[in-house]
Amino acid sequence: MSSPNLLAVLLLVGICSPATGKVYGRCELIKLLKASGMSGYRGVGLADWVCLTKWESDHNTSAQNHNTDGSTDYGIFQINSRRWCRDGSIESADGCGIPCSRLLNSDISDDIECAKRVVRDPNGIGAWVAWRNHCRRRDLSSYTAECGV
Ligand SMILES: *[C@@H]1O[C@H](CO)[C@@H](O)[C@H](O)[C@H]1NC(C)=O
């Protein structure tokens, strides 16, 4: 690669990095969730939250998945664009009052606030299909093991 191209690549990386995603380590995520008041939030324990994010996004904040109804799920919690965030491509209730794109970067404080909003609805954590299919009524002790929580 010639050096002008290398410079261009480095510049692009530098410009893009604040908006780029991140794959969280399990214990790193657990500690952040705990510090954000997620332990026992609406009766949901840390193991349930981490099981949920594992199966929804593999802890990858860049995760995006399209649904058959035309909506898209965004970020580490796979927040839905029809109900909770707005992406301009479908009509949205925008329950969290946030552009979906903000749910893809490495800063998950807004994702956590939105997940708290989702879990305050009557369905609670049952709103997440991956939680129902992989976490509900399971032994989740391995999800928090050796993280010091
Ligand atoms: C995270 O998700 C993005 C978007 O799907 C993907 O491009 C990237 O490879 C994923 N990262 C890892 C480490 O799997």
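Residues numbered from 1 in each chain as written. Predicted model: local features only at pLDDT ≥ 70, side-chain atom pairs only at ≥ 80, totals over all residues. Heavy atoms only, no water.

## A few points about the sheet that holds strand β2 (residues 72-74)
Here comes step 1: Across the sheet, three strands lie side by side as β1-β2-β3; this open sheet has antiparallel pairing. One side of each edge strand has no neighbouring strand; the edge strands of this open sheet are β1 (64-66) and β3 (79-80).
Here comes step 2: One ladder, built from three bridges, connects β1 with β2; its direction is antiparallel. Bridge pairing in β2 links His-66 to Thr-72. (Pairing = 2+ DSSP bridges. Helix = DSSP H or I, 4+ residues; strand = E, 2+ residues; numbered from the N terminus.)

## Looking at the UniProt feature "domain: Glycosyl hydrolases family 22 (GH22)" (unreviewed entry) in the protein chain
Here comes step 1: When the UniProt feature table is mapped onto this chain numbering, "domain: Glycosyl hydrolases family 22 (GH22)" (unreviewed entry) sits at residues 96-114.
Here comes step 2: End C-alpha to end C-alpha, residues 96-114 measures 5 Å, and it is 32% helix and 0% strand. (UniProt positions renumbered as here; feature names shortened; annotations may be inferred.)

## Considerations on the pattern of salt bridges
Here comes step 1: Taken as a whole and judged by the stated rule, the model has eight salt bridges.
Here comes step 2: For Glu-28, the salt bridge identified is with Lys-22, shortest N-O distance 2.7 Å.
Here comes step 3: Looking at Glu-28, the relative accessible area reads 37%, which means it is partly exposed.
Here comes step 4: Across the pair Asp-58 and Lys-54 runs a salt bridge, and its minimum N-O distance is 2.7 Å. (Salt bridge = Lys/Arg side-chain N within 4 Å of Asp/Glu carboxyl O. Buried < 20%, exposed > 50% of the residue type's maximum accessible area, 1.4 Å probe, protein only.)

## Some details on helix α4 (residues 109-119)
Here comes step 1: Burial of α4 is extensive: eight of the eleven residues sit out of reach of the surface.
Here comes step 2: Among all positions of α4, only Asp-110, Asp-111, Ile-112, Cys-114, Ala-115, Lys-116, Val-118 and Val-119 are buried.
Here comes step 3: Buried-residue contacts for α4 involve α2 (26-35), α3 (46-57) and β3. (Contact = heavy atoms within 4.5 Å.)

## Digging into the packing of α2 against α3
Here comes step 1: Between α2 and α3, whose axes approach to 10 Å, the crossing angle comes to 130°. Classified by the interaxial angle, the pair formed by α2 and α3 is oblique. You can see that α2 and α3 cross each other, and the crossing is right-handed. Facing Arg-26, Leu-29, Ile-30, Leu-33 and Lys-34 of α2, the residues of α3 in contact are Leu-46, Trp-49, Val-50 and Thr-53. (Axes fitted to C-alpha atoms, helices over the stretch in contact; angles between N-to-C directions. Parallel < 35°, antiparallel > 145°, perpendicular 65-115°, else oblique. Left-handed = near helix turned anticlockwise from the far one by under 90°.)

## Side note on the site of the ligand
Here comes step 1: Lining the immediate environment of the ligand, one finds Val-23, Asn-60 and Ser-62.
Here comes step 2: Contacts to the ligand include Asn-60, whose side-chain N or O atom sits 2.3 Å from an oxygen atom.
Here comes step 3: In isolation the ligand offers 360 Å² of accessible surface; the protein chains occlude 30% of this area. (Near = heavy atom within 4 Å. Polar contact = N/O pair within 3.5 Å; in protein donor to acceptor, adjacent residues only side chain to side chain. Areas by Shrake-Rupley, 256 points an atom, 1.4 Å probe, with all protein chains shown as cover.)

## Some remarks on the nonpolar core
Here comes step 1: Counting 36 residues, the largest nonpolar core has Leu-33, Trp-49, Phe-77, Ile-79 and Trp-128 as its most contacted members.
Here comes step 2: When contributions to this core are tallied by element, the ones reaching two or more residues are α2, α3 and α4.
Here comes step 3: Among the elements that take part in this core, α3 stands out by supplying six residues, more than any other.
Here comes step 4: With near-sequence residues (within four places) excluded, Ile-79 lies in contact with Thr-72, Asp-73, Tyr-74, Trp-84, Cys-85, Leu-103, Cys-114, Ala-115 and Val-118. (Core = buried A, V, L, I, M, F, W, Y, C linked by side-chain atoms within 4.5 Å.)

## Some thoughts on the layout of surface pockets
Here comes step 1: In this structure, the largest pocket occupies an estimated 360 Å³ of space.
Here comes step 2: For the largest pocket, the lining is made up of 15 residues, of which Gln-78, Asn-80, Trp-84, Ala-127 and Trp-128 are closest to its centre.
Here comes step 3: Classifying every residue of the lining of the largest pocket gives eight nonpolar, three polar and four charged. (1 Å grid on protein atoms, 1.4 Å probe; cavity = no way out; pocket = protein on both sides within 12 Å on 5 of 7 lines; lining within 4 Å. Points joined across faces, edges and corners; volume = space filled by probe spheres on them. Nonpolar A, V, L, I, M, F, W, Y, C, P; charged D, E, K, R; others polar.)

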